[in-house]
Amino acid sequence: MSVLAQLLSAVRDGGVEVVDLTAPLSERTPILKLPEPFANTTPFRLREISRYDDRGPAWYWNDFEAGEHVGTHFDAPVHWVTGRDGEDVAQVPPGRLVAPAVVLDASARAATDPDFLLEIEHVRDWEAEHGPLPDGGWLLYRTGWDARAGDQDAFLNADDTGPHTPGISPECARWLAEETRLVGLGVETVGTDAGAAHGFEPPFPCHSYFLGAGKYGLTQLRNLDRLPARGAVLLASPLPIVGGSGSPARVLALVER
Ligand SMILES: O=C(O)C(=O)c1ccccc1S
Ligand SMILES: [Mn+2]
């Protein structure tokens, strides 16, 4: 039996579970809010064209509008100034969209400290227990933040000092981006950087270092608690928007049960 036939058989018999890591996309999907004077993205919105009526008797269809960086979405290198000469989302090689994924669980720390930042030592501790980060793979950073995704205010968790959501320190972001062979970073929060990252050096270090290194980001993931620390295969499916900086994406994980 071919490898692909074995995979399909395993999916059908439950030996391999397909776990959906994608948040539902609707007008209630939380969006990033940048402070003045910066421009902001457009929330997701459906606009009905017809629904089996005189506008179209036998068909239902909609237009939709949304920013590239709304909901569960893919960040391409060109999204950041450090990656301005890199791939746009249509240029990402399809072979890089199927890759191993590991999960680093910091949910307990994030539960007590919404500004928690992952440091190199935390990753080293994870590797000591679970083995090395995967060559050409994704680091999925589990914080439990997906539980807040149904409430924009709770998800962004902002006060008069700005958003407070967990992330990665500049030092750790640089090390992960420039000194490991990861393909990208996936998170549960609204963006790959911590809520306070506008005040870091460099600002938004995960964007700056990962996209500057020709790597990718995935945001607003969910169900990371259903994945093993290592062994899952991640399938990321951004739309190939020509010239685009990213795209809403369906993200699936294959997990052996
Ligand atoms: O890539 C994103 O969705 C994102 O988080 C972002 C977008 C634009 C500006 C800053 C940030 S921090
Ligand atoms: Mn983005």
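Shown above is the structure to which this text applies.
Rules used in this analysis
- Numbering of residues begins from 1 in every chain and follows the order in which that chain's sequence is written.
- Each chain is given a letter, starting from A, and each ligand a number, starting from 1, according to the order in which they appear as written.
- Residue-level local features of this predicted model are given only where pLDDT is at least 70; pairs of side-chain atoms are given and counted only at 80 or more, and the full residue set underlies all totals for whole chains, interfaces and linings.
- By convention in this description, side-chain values take in all heavy atoms of the structure and omit both hydrogens and water.
- Secondary structure is summarised from DSSP: a helix means a run of H or I of at least four residues, a strand means a run of E of at least two, and numbering begins at the N terminus for each.
- What the globule rule says is 2.2 Å times the number of residues to the power 0.38, and the radius of gyration is computed from C-alpha atoms.
- Buried means the residue's accessible area, taken with a 1.4 Å probe over protein chains only, is under 20% of the maximum for its type, while exposed means over 50%, and partly exposed covers the values in between.
- Here, two residues are considered to be in contact whenever any of their heavy atoms come within 4.5 Å of each other.
- Exposure was quantified through the Shrake-Rupley algorithm and a 1.4 Å probe, taking into account, for residues, occlusion by the shown protein chains and nothing else.
- Water is not part of the atom set, so a site may look incomplete; the donors themselves are N, O and S atoms within 2.8 Å of the metal, or 3.2 Å for Na, K and Ca.
- Stacked, edge-to-face and tilted labels apply to pairs of Phe, Tyr and Trp rings (six-membered ring for Trp) whose centres lie within 6.5 Å, assigned for plane angles under 30 degrees, over 60, and everything in between, in that order.
- One heavy atom within 4 Å of a molecule or strand makes the whole residue count as near it.
- Think of a polar contact as two N or O atoms within 3.5 Å of one another; within protein, one of them needs to be a possible hydrogen donor and the other a possible acceptor, and neighboring residues in sequence only count if both atoms come from side chains.
- Under the grouping applied here, Gly and all other residues not named as nonpolar or charged are polar, the nonpolar ones being Ala, Val, Leu, Ile, Met, Phe, Trp, Tyr, Cys and Pro and the charged ones Asp, Glu, Lys and Arg.
- Think of it this way: DSSP has to see at least two bridges between two strands before they count as a pair.
- Salt bridge criterion: a side-chain nitrogen from Lys or Arg within 4 Å of a carboxyl oxygen from Asp or Glu.

Peer 1: Could you give an account of the overall build of the protein, with specific residues and numbers?
Peer 2: In terms of helices and strands, the protein carries six helices and 14 strands. In terms of overall dimensions, the protein is globule-like: its C-alpha atoms have a radius of gyration of 19 Å, near the 18 Å expected for 257 residues. Over its C-alpha atoms, taken along the principal directions, the protein stretches across nearly 65 × 60 × 40 Å. A total of 257 residues make up the protein; the buried ones form 46% of that total. The long-range fraction of contacts in the protein, counting pairs at least 24 apart against all pairs at least 6 apart in sequence, stands at 72%. Of the roughly 12800 Å² of accessible surface on the protein, a fraction of 54% belongs to carbon and sulfur atoms.

Peer 1: Help me get a handle on the coordination of the manganese ion (ligand 2), residues and values and all.
Peer 2: Ideal geometry at a metal centre gives angles of 109.5 degrees when four donors are arranged tetrahedrally and 90 or 180 degrees when six donors are arranged octahedrally. At this site the manganese ion (ligand 2) is bound by His69 (ND1), His73 (NE2) and Asp75 (OD), with donor distances of 2.0 to 2.1 Å. Sequence spacing among the residues donating to the manganese ion (ligand 2) works out to H-x3-H-x1-D. According to the relative accessible area criterion, His73 is buried, its value standing at 3%.

Peer 1: For the packing of aromatic side chains, give the residues involved together with the corresponding values.
Peer 2: In total, this model carries five aromatic pairs according to the counting rule given. Geometrically, the ring pair formed by Tyr52 and Tyr60 is tilted, given 6.3 Å between the ring centres and 55 degrees between the ring planes. By relative accessible area, Tyr52 is classed as exposed at 52%. With 5.6 Å between their ring centres and 70 degrees between their planes, Trp80 and Phe204 make a pair best called edge-to-face. Here Trp80 is found in the loop between strand E4 (73-75) and strand E5 (98-105), whereas its partner Phe204 is found in the loop between strand E11 (184-187) and helix H6 (205-212), with 124 residues between them in sequence.

Peer 1: Requested: an account of the site of ligand 1, with residues and values cited.
Peer 2: In the neighbourhood of ligand 1, the contacting residues comprise Leu32, Leu34, His69, His73, Asp75, His79, Trp80, Gly191, Phe204 and His207. Between an oxygen atom of ligand 1 and a side-chain N or O atom of Asp75, the distance comes to 3.3 Å. Taking His79, its side chain carries an N or O atom lying 2.7 Å from an oxygen atom of ligand 1. Coverage of ligand 1 by the protein chains reaches 86% of its 320 Å² of free accessible surface. In the shell around ligand 1, the residues fall into four nonpolar, five polar and one charged.

Peer 1: Tell me about the pairing of strand E13 (residues 232-238), residues and numbers included.
Peer 2: Side chains of E13 alternate between two faces, with Ala232, Leu234, Ala236 and Pro238 buried and Val233, Leu235 and Ser237 left unburied. Bridge count for E5 against E13 is four bridges, and the pairing is antiparallel. Looking at E13, one finds that Val98 is bridged to Leu235. Strand direction decides the pairing type here: E13 and strand E14 (residues 246-256), joined by six bridges, are antiparallel. Across the sheet, residue Leu235 finds its bridge partner in E14, namely Leu252.

Peer 1: Give me the pattern of salt bridges: which residues, what numbers.
Peer 2: For the coordinates displayed, the defined rule picks out 12 salt bridges. Note that Glu17 is salt-bridged to Arg257, the shortest N-O span being 2.6 Å. On the criterion of sequence distance, the pair formed by Glu17 in strand E1 (residues 16-20) and Arg257 in the segment after E14 is long-range, its members being 240 residues apart. The exposed category is assigned to Arg257, whose relative accessible area is 52%. For Arg124, the salt bridge identified is with Glu127, shortest N-O distance 3.2 Å. One end of the pair, Arg124, and the other, Glu127, are both in helix H3 (residues 120-130), three residues apart, so they sit about a helical turn from each other. Judged by its relative accessible area of 47%, Arg124 falls in the partly exposed class.

Peer 1: Explain the side chain of Asp75 to me, using residue names and the numbers behind them.
Peer 2: Within the element layout of this structure, Asp75 appears in strand E4. What Asp75 contacts, discounting residues up to four positions off in sequence, is His69, Thr192, His207, Leu211, Tyr216, Gly217, Thr219 and Ser245.

Peer 1: Help me get a handle on helix H5 (residues 170-179), residues and values and all.
Peer 2: Looking at H5, one finds that the buried residues are Pro170, Cys172, Ala173, Trp175, Leu176 and Ala177. For H5, the secondary structure elements touched by its buried residues are strand E6 (117-118), H3, strand E7 (138-142), strand E10 (167-168) and H6.

Peer 1: Help me get a handle on H6, residues and values and all.
Peer 2: The buried count for H6 comes to seven of eight residues, which makes it a mostly enclosed element. Taken residue by residue, H6 has Pro205, Cys206, His207, Ser208, Tyr209, Phe210 and Leu211 as its buried positions. Buried positions along H6 lie against E4, E10, H5, E11 and strand E12 (216-219). Looking one or two residues past H6, Gly214 carries a phi angle of roughly 75 degrees, positive in sign.

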